[in-house]
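Fold and geometry: a report
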Amino acid sequence: MIPVNSVLQVGHFPELMQAEIDRRFTPTLHLDLQVPPPGGQFEAILLRSNTKLPEALIKQIPSIRMVATCGVGYDNLPLTYLKEHGIKASNTPGVLNDAVCELAIGMMLGLLRRIPESEAFIKSGGWSKAPFKLATTLAGKKVGIVGMGRIGQDLAKRLEPFKVEIAYSGPSPKQVACTYYPNILDLAQNSDVLFLACPATPDTDKIVNAQVLEAMGPTAFLINIARGSVVDEEALLYALQHKKIAGAALDVFENEPNPNKGFLSLDNVLLTPHIGSATTETRIAMTNLAVDNLEAFFAKQPLPSEVSI
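Please read these numbers as outputs of a predicted model, since none were measured by experiment.

**Some words on the layout of surface pockets**
Over the atoms rolls a probe the size of a water molecule, and its path tells where empty space is left. Taken as a whole, the second largest pocket encloses approximately 310 Å³ of empty space. What lines the second largest pocket is a set of 20 residues, and nearest its centre among them are Leu111, Arg114, Glu117, Asp267 and Asn268. For the lining of the second largest pocket, the secondary structure elements donating two or more residues are helix 4 (97–112), helix 5 (115–123) and strand 12 (269–271). If one sorts the elements of the lining of the second largest pocket by residue count, helix 4 sits on top with three residues.

Put into C-alpha coordinates, the structure is as follows:
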(Lines give C-alpha, C1' and ligand atoms only; values in the text may rest on other atoms or scores of the structure.)
Protein backbone atom coordinates (compact mmCIF):
# COMPACT_ATOMS: atom_id res chain seq x y z
CA MET A 1 0.00 0.00 0.00
CA ILE A 2 1.09 3.54 -0.76
CA PRO A 3 0.30 5.85 2.18
CA VAL A 4 -2.00 8.81 1.58
CA ASN A 5 -0.22 12.15 0.98
CA SER A 6 3.12 10.42 0.49
CA VAL A 7 3.62 10.71 -3.29
CA LEU A 8 3.88 13.94 -5.26
CA GLN A 9 2.95 13.59 -8.93
CA VAL A 10 5.01 16.08 -10.92
CA GLY A 11 3.55 17.06 -14.28
CA HIS A 12 0.67 15.79 -16.37
CA PHE A 13 0.04 12.21 -17.43
CA PRO A 14 -2.16 11.28 -20.42
CA GLU A 15 -5.74 10.45 -19.43
CA LEU A 16 -5.27 6.70 -19.85
CA MET A 17 -2.19 6.65 -17.61
CA GLN A 18 -3.70 8.98 -15.04
CA ALA A 19 -6.71 6.72 -14.73
CA GLU A 20 -4.41 3.78 -14.01
CA ILE A 21 -2.52 5.78 -11.38
CA ASP A 22 -5.76 6.86 -9.72
CA ARG A 23 -7.00 3.27 -9.74
CA ARG A 24 -4.06 2.17 -7.62
CA PHE A 25 -3.48 5.12 -5.28
CA THR A 26 -4.13 8.82 -4.83
CA PRO A 27 -1.17 11.10 -5.52
CA THR A 28 -0.91 14.78 -4.65
CA LEU A 29 -0.70 16.71 -7.93
CA HIS A 30 1.93 19.31 -8.77
CA LEU A 31 1.14 20.09 -12.39
CA ASP A 32 2.64 23.57 -12.79
CA LEU A 33 6.37 23.64 -12.12
CA GLN A 34 6.37 27.44 -12.26
CA VAL A 35 4.69 27.62 -8.85
CA PRO A 36 5.90 26.30 -5.49
CA PRO A 37 4.98 22.68 -4.67
CA PRO A 38 2.16 21.97 -2.24
CA GLY A 39 3.09 21.51 1.39
CA GLY A 40 3.48 18.04 2.84
CA GLN A 41 5.95 15.40 3.95
CA PHE A 42 6.19 13.66 0.58
CA GLU A 43 8.57 10.71 0.45
CA ALA A 44 8.38 9.97 -3.29
CA ILE A 45 7.89 11.69 -6.63
CA LEU A 46 6.14 10.21 -9.66
CA LEU A 47 6.62 11.72 -13.12
CA ARG A 48 6.93 10.85 -16.80
CA SER A 49 10.35 10.46 -18.38
CA ASN A 50 9.71 13.41 -20.70
CA THR A 51 9.20 15.73 -17.70
CA LYS A 52 12.38 17.39 -16.45
CA LEU A 53 12.67 17.16 -12.68
CA PRO A 54 14.38 20.31 -11.37
CA GLU A 55 16.95 19.82 -8.64
CA ALA A 56 15.51 22.94 -7.01
CA LEU A 57 12.15 21.22 -6.58
CA ILE A 58 13.65 18.32 -4.64
CA LYS A 59 15.57 20.75 -2.45
CA GLN A 60 12.23 22.26 -1.44
CA ILE A 61 11.02 18.84 -0.25
CA PRO A 62 13.83 17.38 1.91
CA SER A 63 11.65 14.41 2.87
CA ILE A 64 11.90 12.92 -0.68
CA ARG A 65 13.66 9.54 -0.66
CA MET A 66 12.58 8.07 -4.00
CA VAL A 67 11.77 9.18 -7.56
CA ALA A 68 9.76 6.95 -9.92
CA THR A 69 9.95 7.93 -13.58
CA CYS A 70 7.47 6.42 -16.02
CA GLY A 71 9.60 5.64 -19.06
CA VAL A 72 12.85 3.88 -19.86
CA GLY A 73 14.91 7.10 -20.07
CA TYR A 74 16.03 8.86 -16.91
CA ASP A 75 18.13 11.63 -18.44
CA ASN A 76 15.65 14.24 -17.13
CA LEU A 77 16.45 13.37 -13.51
CA PRO A 78 19.14 15.24 -11.52
CA LEU A 79 21.11 12.04 -11.04
CA THR A 80 24.13 13.59 -9.32
CA TYR A 81 21.93 15.21 -6.67
CA LEU A 82 19.94 12.02 -6.16
CA LYS A 83 23.10 9.99 -5.66
CA GLU A 84 24.66 12.52 -3.29
CA HIS A 85 21.54 12.49 -1.10
CA GLY A 86 20.83 8.77 -1.19
CA ILE A 87 17.58 9.16 -3.09
CA LYS A 88 16.51 6.05 -5.00
CA ALA A 89 15.26 6.20 -8.59
CA SER A 90 13.35 3.78 -10.79
CA ASN A 91 12.31 3.62 -14.44
CA THR A 92 10.17 1.29 -16.55
CA PRO A 93 12.43 -0.76 -18.87
CA GLY A 94 11.41 -3.90 -20.70
CA VAL A 95 7.66 -3.30 -20.85
CA LEU A 96 8.02 -0.90 -23.80
CA ASN A 97 10.49 -2.92 -25.88
CA ASP A 98 7.86 -4.46 -28.15
CA ALA A 99 6.17 -1.17 -28.99
CA VAL A 100 9.44 0.69 -29.59
CA CYS A 101 10.85 -2.07 -31.78
CA GLU A 102 7.61 -2.32 -33.76
CA LEU A 103 7.78 1.39 -34.51
CA ALA A 104 11.48 1.16 -35.39
CA ILE A 105 10.82 -1.59 -37.94
CA GLY A 106 7.84 0.33 -39.31
CA MET A 107 9.89 3.51 -39.67
CA MET A 108 12.68 1.61 -41.41
CA LEU A 109 10.34 0.07 -43.96
CA GLY A 110 8.42 3.31 -44.40
CA LEU A 111 11.65 5.19 -45.07
CA LEU A 112 13.30 2.72 -47.42
CA ARG A 113 10.12 1.94 -49.38
CA ARG A 114 8.88 5.57 -49.28
CA ILE A 115 5.49 4.47 -47.94
CA PRO A 116 4.20 7.84 -46.63
CA GLU A 117 5.43 9.55 -49.79
CA SER A 118 3.78 6.98 -52.05
CA GLU A 119 0.45 7.39 -50.24
CA ALA A 120 0.63 11.16 -50.72
CA PHE A 121 1.48 10.52 -54.39
CA ILE A 122 -1.75 8.60 -54.92
CA LYS A 123 -3.89 11.06 -52.97
CA SER A 124 -2.53 13.98 -54.98
CA GLY A 125 -3.43 12.33 -58.28
CA GLY A 126 0.20 11.94 -59.27
CA TRP A 127 -0.09 8.25 -60.18
CA SER A 128 -2.30 9.02 -63.19
CA LYS A 129 0.42 11.29 -64.58
CA ALA A 130 3.62 9.35 -63.96
CA PRO A 131 4.98 6.24 -62.22
CA PHE A 132 6.18 6.60 -58.65
CA LYS A 133 9.94 6.83 -58.03
CA LEU A 134 11.91 3.71 -57.15
CA ALA A 135 12.68 2.86 -53.53
CA THR A 136 15.32 0.78 -51.71
CA THR A 137 15.31 -2.94 -50.88
CA LEU A 138 16.24 -3.94 -47.33
CA ALA A 139 17.31 -7.55 -48.02
CA GLY A 140 21.07 -7.94 -48.27
CA LYS A 141 21.83 -4.68 -46.50
CA LYS A 142 24.16 -4.11 -43.55
CA VAL A 143 22.27 -2.84 -40.49
CA GLY A 144 24.04 -1.19 -37.56
CA ILE A 145 22.61 -0.65 -34.07
CA VAL A 146 24.13 1.97 -31.79
CA GLY A 147 23.39 0.65 -28.31
CA MET A 148 22.85 -3.09 -27.77
CA GLY A 149 20.83 -2.86 -24.56
CA ARG A 150 17.38 -4.36 -24.02
CA ILE A 151 15.80 -2.51 -26.93
CA GLY A 152 18.81 -2.97 -29.21
CA GLN A 153 18.84 -6.73 -28.64
CA ASP A 154 15.09 -7.05 -29.22
CA LEU A 155 15.47 -4.97 -32.38
CA ALA A 156 18.23 -7.25 -33.64
CA LYS A 157 15.98 -10.30 -33.21
CA ARG A 158 13.26 -8.64 -35.28
CA LEU A 159 15.74 -7.71 -38.02
CA GLU A 160 17.07 -11.25 -38.53
CA PRO A 161 14.22 -12.46 -40.81
CA PHE A 162 14.86 -9.57 -43.22
CA LYS A 163 18.04 -11.22 -44.58
CA VAL A 164 20.37 -8.48 -43.33
CA GLU A 165 23.81 -8.44 -41.71
CA ILE A 166 23.63 -6.98 -38.21
CA ALA A 167 26.41 -5.19 -36.35
CA TYR A 168 26.48 -2.91 -33.32
CA SER A 169 28.55 -0.52 -31.24
CA GLY A 170 28.54 0.31 -27.55
CA PRO A 171 30.77 0.60 -24.48
CA SER A 172 31.46 -3.15 -24.43
CA PRO A 173 30.60 -6.29 -26.44
CA LYS A 174 27.46 -8.28 -25.59
CA GLN A 175 26.66 -11.97 -25.78
CA VAL A 176 24.93 -11.63 -29.14
CA ALA A 177 25.62 -13.15 -32.54
CA CYS A 178 26.37 -9.83 -34.24
CA THR A 179 29.58 -8.10 -35.26
CA TYR A 180 30.87 -5.66 -32.63
CA TYR A 181 32.51 -2.32 -33.45
CA PRO A 182 33.92 -0.44 -30.43
CA ASN A 183 33.77 2.80 -32.42
CA ILE A 184 30.56 4.26 -33.87
CA LEU A 185 32.55 5.66 -36.79
CA ASP A 186 33.58 2.16 -37.85
CA LEU A 187 29.98 0.97 -37.46
CA ALA A 188 28.72 3.87 -39.60
CA GLN A 189 31.21 3.03 -42.35
CA ASN A 190 29.86 -0.52 -42.43
CA SER A 191 26.11 0.21 -42.25
CA ASP A 192 23.50 0.81 -44.93
CA VAL A 193 20.92 1.42 -42.19
CA LEU A 194 21.99 2.83 -38.82
CA PHE A 195 19.63 2.58 -35.84
CA LEU A 196 20.16 4.68 -32.73
CA ALA A 197 18.97 2.83 -29.60
CA CYS A 198 21.42 4.13 -27.02
CA PRO A 199 20.60 5.97 -23.78
CA ALA A 200 21.02 9.73 -23.46
CA THR A 201 24.18 10.25 -21.40
CA PRO A 202 27.11 12.68 -21.51
CA ASP A 203 29.02 10.02 -23.49
CA THR A 204 26.30 9.77 -26.16
CA ASP A 205 25.56 13.49 -26.47
CA LYS A 206 25.67 14.28 -30.22
CA ILE A 207 27.41 10.96 -30.82
CA VAL A 208 26.09 11.14 -34.39
CA ASN A 209 27.98 14.14 -35.75
CA ALA A 210 29.13 15.37 -39.15
CA GLN A 211 31.99 12.86 -39.21
CA VAL A 212 29.68 9.91 -38.54
CA LEU A 213 27.18 11.09 -41.16
CA GLU A 214 29.98 11.49 -43.70
CA ALA A 215 31.13 7.95 -42.91
CA MET A 216 27.63 6.59 -43.55
CA GLY A 217 27.66 7.82 -47.12
CA PRO A 218 25.02 8.93 -49.67
CA THR A 219 23.15 5.60 -49.84
CA ALA A 220 22.74 5.04 -46.08
CA PHE A 221 19.75 5.71 -43.84
CA LEU A 222 19.60 6.88 -40.20
CA ILE A 223 16.81 5.90 -37.78
CA ASN A 224 16.64 7.51 -34.33
CA ILE A 225 14.43 5.91 -31.67
CA ALA A 226 16.72 6.93 -28.80
CA ARG A 227 16.79 10.59 -27.76
CA GLY A 228 17.16 13.77 -29.77
CA SER A 229 20.32 14.67 -27.87
CA VAL A 230 22.32 11.80 -29.40
CA VAL A 231 22.28 13.52 -32.82
CA ASP A 232 23.86 16.80 -33.89
CA GLU A 233 20.70 18.04 -35.61
CA GLU A 234 22.42 20.85 -37.52
CA ALA A 235 24.87 18.35 -38.96
CA LEU A 236 22.01 15.98 -39.80
CA LEU A 237 20.04 18.72 -41.53
CA TYR A 238 23.08 19.60 -43.62
CA ALA A 239 23.64 15.94 -44.49
CA LEU A 240 20.01 15.49 -45.56
CA GLN A 241 19.85 18.74 -47.52
CA HIS A 242 23.08 18.00 -49.39
CA LYS A 243 22.38 14.28 -49.87
CA LYS A 244 25.33 13.22 -47.73
CA ILE A 245 23.04 10.42 -46.53
CA ALA A 246 19.99 8.97 -48.29
CA GLY A 247 17.44 9.71 -45.59
CA ALA A 248 16.46 9.68 -41.94
CA ALA A 249 13.53 8.51 -39.83
CA LEU A 250 13.20 10.41 -36.55
CA ASP A 251 10.89 9.71 -33.63
CA VAL A 252 12.81 11.95 -31.22
CA PHE A 253 14.16 15.48 -31.42
CA GLU A 254 16.25 17.96 -29.46
CA ASN A 255 13.40 20.41 -28.97
CA GLU A 256 10.19 18.50 -28.34
CA PRO A 257 7.36 19.13 -29.12
CA ASN A 258 8.68 21.84 -31.44
CA PRO A 259 11.35 20.20 -33.61
CA ASN A 260 13.63 22.13 -35.93
CA LYS A 261 11.45 23.35 -38.80
CA GLY A 262 14.23 22.53 -41.24
CA PHE A 263 13.17 18.88 -41.13
CA LEU A 264 9.60 19.67 -42.19
CA SER A 265 10.42 20.69 -45.75
CA LEU A 266 12.62 17.71 -46.62
CA ASP A 267 11.42 14.84 -48.81
CA ASN A 268 14.01 12.37 -47.52
CA VAL A 269 12.81 12.21 -43.91
CA LEU A 270 10.07 10.33 -42.08
CA LEU A 271 8.97 12.03 -38.86
CA THR A 272 6.89 10.76 -35.94
CA PRO A 273 6.06 12.65 -32.69
CA HIS A 274 7.97 10.55 -30.11
CA ILE A 275 5.48 7.68 -30.20
CA GLY A 276 7.81 4.73 -29.58
CA SER A 277 5.86 3.58 -26.52
CA ALA A 278 2.55 5.16 -27.51
CA THR A 279 0.24 2.18 -27.50
CA THR A 280 -2.58 1.59 -25.05
CA GLU A 281 -1.13 -1.68 -23.81
CA THR A 282 2.38 -0.31 -23.35
CA ARG A 283 1.41 2.87 -21.54
CA ILE A 284 -0.72 0.89 -19.07
CA ALA A 285 2.16 -1.53 -18.46
CA MET A 286 4.60 1.36 -17.95
CA THR A 287 2.28 3.05 -15.48
CA ASN A 288 1.81 -0.12 -13.47
CA LEU A 289 5.54 -0.79 -13.30
CA ALA A 290 6.13 2.76 -12.05
CA VAL A 291 3.51 2.24 -9.33
CA ASP A 292 4.96 -1.20 -8.53
CA ASN A 293 8.25 0.53 -7.79
CA LEU A 294 6.51 2.98 -5.46
CA GLU A 295 4.72 0.17 -3.63
CA ALA A 296 7.99 -1.72 -3.22
CA PHE A 297 9.67 1.39 -1.83
CA PHE A 298 7.01 1.95 0.82
CA ALA A 299 7.02 -1.75 1.68
CA LYS A 300 10.81 -1.52 2.15
CA GLN A 301 11.36 -4.15 -0.53
CA PRO A 302 13.80 -4.14 -3.48
CA LEU A 303 12.57 -1.97 -6.35
CA PRO A 304 11.54 -4.02 -9.41
CA SER A 305 13.45 -1.70 -11.75
CA GLU A 306 15.80 0.49 -9.76
CA VAL A 307 18.12 2.80 -11.66
CA SER A 308 21.77 2.37 -10.76
CA ILE A 309 23.07 5.90 -10.10
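Read on for the rest.
**Let's talk about unusual backbone geometry**
For the bond running from Glu256 to Pro257, omega is 5 degrees, close enough to zero to count as cis. Along the chain, Pro257 turns up in the loop between strand 11 (247–250) and strand 12. Look at Lys243: it is not a glycine, yet its phi comes out positive at around 55 degrees. Following the sequence through the fold, Lys243 ends up in the loop between helix 9 (233–241) and strand 11. Relative accessible area serves as the criterion here: at 47%, Lys243 is assigned to the partly exposed category. Positioned with a positive phi, Lys300 is a non-glycine residue whose angle comes to about 60 degrees. You can see Lys300 is positioned in the segment after helix 10 (280–298). Note on Lys300: relative accessible area 77%, which makes it exposed.

**Observations concerning the environment of Glu43**
Considering the arrangement of structural elements, one finds Glu43 in the loop between strand 2 (28–30) and strand 3 (44–48). A relative accessible area of 33% means that Glu43 is categorised as partly exposed. Considering only alpha carbons, one finds Glu43 and Ser63, 20 residues apart in sequence, at a separation of 5.4 Å. With near-sequence residues (within four places) excluded, Glu43 lies in contact with Ser6, Ser63, Ile64, Arg65, Met66, Phe297 and Phe298.

**Here we look at the sheet that holds strand 2**
Taken together, five strands build an open sheet; the order of strands is 2-1-3-4-5 and the sheet is parallel. Of all the strands in the sheet, the pair left with one neighbour each is strand 2 and strand 5 (88–90). Averaged over all neighbouring strand pairs, the angle between strand axes comes to 20 degrees, with direction disregarded. As defined by bridge partners, strand 4 (residues 66–70) adjoins strand 5 across three bridges and the pair is classed as parallel. Looking at the pairing, Ala68 lines up with Ser90 of strand 5. The sheet contacts of helix 10 involve strand 1 (7–10), strand 3, strand 4 and strand 5, and relative to strand 4 the element is tilted by about 170 degrees.

**Describing empty space enclosed by the protein**
Evaluated as defined, the whole model comprises one cavity of 30 Å³ or more. As a volume, the largest cavity reaches approximately 30 Å³. In terms of lining, the largest cavity is formed by Asn224, Gly228, Val231, Glu233, Leu236, Leu250 and Val252. Within the lining of the largest cavity, the residues separate by chemical class into four nonpolar, two polar and one charged.

**A short note on the pattern of salt bridges**
Counted according to the given criterion, the structure contains 12 salt bridges. Put simply, Glu55 and Lys59 hold a salt bridge, and the shortest N to O gap is 3.1 Å. Taken together, the residues Glu55 and Lys59, both in helix 2 (residues 55–59) and four residues apart, mark about one turn of the helix. Overall, Glu55 belongs to the partly exposed group, its relative accessible area being 34%. The partner of Glu306 in a salt bridge is Lys88, with the nearest N and O atoms 3.5 Å apart. Of the two residues, Glu306 is situated in the segment after helix 10 and Lys88 in strand 5; the sequence distance between them amounts to 218 residues. Salt bridges sharing partners connect three or more residues here, namely Arg24, Asp292 and Glu295.

**Structural notes on helix 10**
Its 19 residues place the ends of helix 10 28 Å apart at the C-alpha level, agreeing with the 27 Å of an ideal helix rising 1.5 Å per residue. Positive backbone phi, at 60 degrees, marks Lys300, one or two positions downstream of helix 10.

**Points about the pairing of strand 6 (residues 142–146)**
Judged by how many residues are buried, strand 6 sits mostly within the fold: four of five residues are covered. As paired strands, strand 6 and strand 7 (residues 165–169) are joined by five bridges and run parallel to one another. Residue Ile145 lies in a different strand from strand 7, and its bridge partner there is Tyr168.

Rules behind the numbers
- Residues numbered from 1 in each chain as written.
- Predicted model: local features only at pLDDT ≥ 70, side-chain atom pairs only at ≥ 80, totals over all residues.
- Heavy atoms only, no water.
- 1 Å grid on protein atoms, 1.4 Å probe; cavity = no way out; pocket = protein on both sides within 12 Å on 5 of 7 lines; lining within 4 Å.
- Points joined across faces, edges and corners; volume = space filled by probe spheres on them.
- Helix = DSSP H or I, 4+ residues; strand = E, 2+ residues; numbered from the N terminus.
- Buried < 20%, exposed > 50% of the residue type's maximum accessible area, 1.4 Å probe, protein only.
- Contact = heavy atoms within 4.5 Å.
- Pairing = 2+ DSSP bridges.
- Axes fitted to C-alpha atoms, helices over the stretch in contact; angles between N-to-C directions.
- Nonpolar A, V, L, I, M, F, W, Y, C, P; charged D, E, K, R; others polar.
- Salt bridge = Lys/Arg side-chain N within 4 Å of Asp/Glu carboxyl O.
- Expected span 1.5 Å × (residues − 1).

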